[in-house]
Amino acid sequence: MALSTDPFSPTPPDAGHLRTRLAQAGLRATRQRLVILESLLTLPGHPTAEQVHRQVISQEPTISLGTVYKALDSFVAAGLTRRVAAAEGTSRRYDADCTEHHHLFCTNTQEIIDYCDPQLDALIRDFFAAKGLQNFQPHSFSLHITGSKVMK
């Protein structure tokens, strides 16, 4: 389930928007990066590099899986996306939504569900403020909770 915020709508973003996002992140807008970023933004959920690659090669058949991994890693380093681990940590998945939110991982369906709760965030901030961690100041946080959907 993806958050329904405007920048992450299922409609493909235009090339100008993609170029602007890359430029703001300090990255050159190469043809490969544009196609990979567009795929990342339009694929549902939290895709793997392999899923991004499958979509990308339909438009650019010469782009290798290695190029997709390198581009996604540069997007993570630049703050355009986040890396999200599956419960077992076996596959790297990517989240184009960099707003503060948490992830629920269903062990039955392998689905990663975005979860946002300002009350939970306030509790976590208050907890760490009260603990006064020595030589550490948290700037952001994200919980990764593993469980399974309960069928009703």
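Note: the structure precedes this text.
Residues numbered from 1 in each chain as written. Predicted model: local features only at pLDDT ≥ 70, side-chain atom pairs only at ≥ 80, totals over all residues. Heavy atoms only, no water.

**Here's the deal with the pattern of salt bridges**
So, step 1. A complete count under the given rule lists 5 salt bridges for this structure.
So, step 2. Close ionic contact of Glu 100 with Arg 125 constitutes a salt bridge, the shortest N to O distance being 2.7 Å. In this pair, Glu 100 is assigned in the loop between strand E2 (92-95) and strand E3 (102-106) and Arg 125 in helix H5 (residues 118-131), connecting sequence segments 25 residues apart.
So, step 3. Taking relative accessible area as the criterion, Arg 125 reaches 42% and is therefore assigned partly exposed.
So, step 4. Because the salt bridges share partners, they merge into one network encompassing Asp 73, Arg 83 and Arg 92. (Salt bridge = Lys/Arg side-chain N within 4 Å of Asp/Glu carboxyl O. Helix = DSSP H or I, 4+ residues; strand = E, 2+ residues; numbered from the N terminus. Buried < 20%, exposed > 50% of the residue type's maximum accessible area, 1.4 Å probe, protein only.)

**Regarding a nonpolar patch on the surface**
So, step 1. Among the surface-exposed residues, Phe 127, Phe 128, Leu 133 and Phe 136 lie close enough to one another that they form a single nonpolar patch of about 400 Å² accessible area.
So, step 2. Of note, Leu 133 is situated in the loop between H5 and strand E5 (144-147).
So, step 3. Overall, Leu 133 belongs to the partly exposed group, its relative accessible area being 38%. (Patch = residues over 30% accessible without salt bridge, like charges linked within 9 Å, V, L, I, M, F, W, Y side chains within 5 Å. Areas by Shrake-Rupley, 256 points an atom, 1.4 Å probe, with all protein chains shown as cover.)

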